[in-house]
Amino acid sequence: MSNNIFLTNKAPVLSVVIPAYNESIGIERAVTEIISILLGCETEWEIVVVDDGSRDDTYQKICRLAQSEPRIKAISLSRNFGKEAALFAGLEHAAGEAVITIDADLQHPPILIPDLLEKWKQGAQIVHAVKRVRNRESIEKKAAAYCINKLVSGFGGINTNNSSDYKLLDAEIVDIVIHQLPERERFYRGLTSWLGFKEEYIYFDVDSRQGDNSKWSFLALLELAITALTSFTSLPLRIVTVLGIATLILGITVASEAVWSFMAGQAVSGFATTIICLLMIGSFIMISLGIIGEYIAKIYEEVKKRPLYLMKSSIGFGEKPALKTYDSGYKRSEMR
Ligand code: UDP
Ligand code: MG
């Protein structure tokens with residue numbers, strides 16, 4: 001517990017976890033800037049950079065930094081597993097009593113690290129950095145973030161509006177996230193908002209991305225949106241029932257009209273109505289199957305129990321760290 005550390009006067013160790021994918025252009029600047037802030041915090045620290053299968057020389061650059069500063073550690077994943085997996089890998093390897101997750105592109109201002117730390121020292125176990133304005137983000141990114149956050153907040157019952165992956169987690173929370181939330185399909189932002197515990201918020205303006213464009217493709221964002229939604233609510237499945245009821249009402253209406261026409265001695269009007277009904281019912285069935293399919297796909301991912309990531313190499317952890325998959329029986333304390 002964070003509070004005990006201060007009672008025993010032991011200097012806490014702060015870990016800063018940075019997921020990086022093809023960040024060759026800016027990784028050195030980002031790490032240097034983060035270090036300059038950390039040096040101003042009166043606490044011991046380490047930086048854990050997770051290279052998420054970059055195809056450029058991001059990892060080589062991190063290794064060079066790690067050779068000159070032993071507090072910089074790095075893990076290289078065997079391929080690109082996505083930011084969620086990279087964050088998880090970082091959390092598993094972070095030894096600190098508090099862990100900060102921050103992007104490698106300086107869109108999360110490192111200047112806030114002392115504020116996050118301060119809130120933690122005051123007893124908060126999770127400190128969320130919340131985006132105040134996102135003016136400098138692209139329109140698609142803003143729209144995608146808006147939809148994801150609205151869907152998860154509206155249907156999932158947790159507030160992720162304007163939240164970011166820039167957070168501080170107490171070691172106790174990190175342990176919970178690693179060991180007690182067994183799902184493979186992860187939405188870090190949502191999970192950390194779902195936990196409860198003592199939370200605090202600080203606000204920041206999103207800076208322009210340093211280096212090139214966002215690493216999220218449209219499909220990756222869509223995948224994240226589906227994961228975010230299916231991880232937190234089964235409401236879309238209920239929509240299937242609603243569609244079924246709507247089709248039933250439509251059927252009854254059309255049938256009543258046919259009976260009415262028959263009673264009135266008119267010819268039952270027909271072809272267009274039949275086609276419209278068929279098309280509508282057909283599309284409702286397809287949408288429903290699609291929604292059910294999404295959930296089945298997620299169940300399939302979960303039951304396969306594949307590890308969230310595979311590690312290729314690492315630097316700065318002393319002895320060779322074991323391959324830390326979720327089911328490897330790995331304990332965080334072994335790394336300390
Ligand atoms: N990232 C990652 N794996 C990926 C995509 C992104 O580790 O597959 C990292 C990326 O290097 C950056 C952070 O996640 O440090 C946020 O990525 P980006 O800036 O592209 O996303 P955005 O700011 O648009 O949410
Ligand atoms: Mg970014």
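See above for the structure.
Per chain, residue numbering runs from 1 following the sequence as it is written. By the order in which they are written, chains take letters starting at A while ligands take numbers starting at 1. Confidence filtering applies because this is a predicted model: local features only for residues at pLDDT of at least 70, side-chain atom pairs given and counted only at 80 or more, and all residues used for totals across whole chains, interfaces and linings. In computing side-chain properties, one takes all heavy atoms of the structure into account and sets aside hydrogens as well as water.

**Topic: the pattern of salt bridges**
So, point 1. Note on definitions: salt bridges are taken to be side-chain nitrogens of Lys or Arg within 4 Å of carboxyl oxygens of Asp or Glu. The tally for this structure, following the rule as stated, stands at nine salt bridges.
So, point 2. As a salt-bridge pair, Glu46 and Lys73 come within 2.7 Å of each other at their nearest N and O atoms. Placement of Glu46 in strand E2 (residues 44-51) and of Lys73 in strand E3 (residues 72-77) is noted, with a sequence separation of 27 residues between them. For the pair Glu46 and Lys73, one class covers both residues: buried.
So, point 3. Measuring nitrogen to oxygen at the nearest pair gives 3.0 Å for the salt bridge that ties Glu69 to Arg71. Numbering goes from the N terminus for both helices and strands, where a helix is a DSSP run of H or I of at least four residues and a strand is a run of E of at least two. The buried label goes to any residue with under 20% of its type's maximum accessible area, the exposed label to any with over 50%, and the partly exposed label to all in between, with areas taken from a 1.4 Å probe on protein chains only.

**Observations concerning the packing of aromatic side chains**
So, point 1. Ring pairs are drawn from Phe, Tyr and Trp, using the six-membered ring of Trp, whenever the two centres fall within 6.5 Å, and their geometry is named by plane angle: stacked under 30 degrees, edge-to-face over 60, tilted for the rest. For the coordinates displayed, the defined rule picks out one aromatic pair.
So, point 2. Considering the side-chain rings of Tyr166 and Phe204, the 5.8 Å spacing of their centres and the 85° angle between planes classify their relative orientation as edge-to-face. You can see Tyr166 sitting in strand E6 (residues 163-170) and its partner Phe204 sitting in strand E7 (residues 199-204), a full 38 residues away along the chain. Each of the two residues, Tyr166 as well as Phe204, counts as buried.
So, point 3. The residue whose ring lies beneath Arg79 is Phe81, and the NZ or CZ to ring-centre distance is 3.9 Å. Only when the NZ atom of a Lys or the CZ atom of an Arg is both within 6 Å of the ring centre and within 35 degrees of the ring normal do we say a charge sits over the ring.

**A short note on the coordination of the magnesium ion (ligand 2)**
So, point 1. Within the protein, the atoms that donate to the magnesium ion (ligand 2) are Asp105 (OD) and Gln107 (OE1), at distances of 1.9 to 2.0 Å.
So, point 2. Overall, the relative accessible area of 12% leaves Gln107 in the buried class. Shown as donors are all N, O and S atoms within 2.8 Å of a metal ion, widened to 3.2 Å for Na, K and Ca; because water is not in the atom set, sites may appear incomplete.

**A word on the sheet that holds E2**
So, point 1. Following DSSP output, two strands are said to pair if at least two bridges run between them. Pairing within the open sheet is mixed, and its eight strands lie in the order E7-E5-E6-E4-E1-E2-E3-E8. Sheet topology places E7 and strand E8 (311-315) at the edges, where each strand pairs with a single neighbour. Sheet twist, expressed as the mean angle between neighbouring strand axes with direction ignored, is 20°.
So, point 2. Where strand E1 (residues 13-20) meets E2, eight bridges bridge the pair, whose relative direction is parallel. Paired with Leu14 across the two strands is Trp45, which belongs to E2.
So, point 3. In this description, contact between two residues means that some pair of their heavy atoms is separated by no more than 4.5 Å. Think of each axis as a best-fit line through the C-alpha atoms, taken over the contacting stretch in the case of a helix, with angles from 0 to 180 degrees between the N-to-C directions. Its contacts with the sheet put helix H7 (residues 171-179) on strand E4 (98-101), strand E5 (126-131) and E6, and the angle it makes with E6 is roughly 115°.

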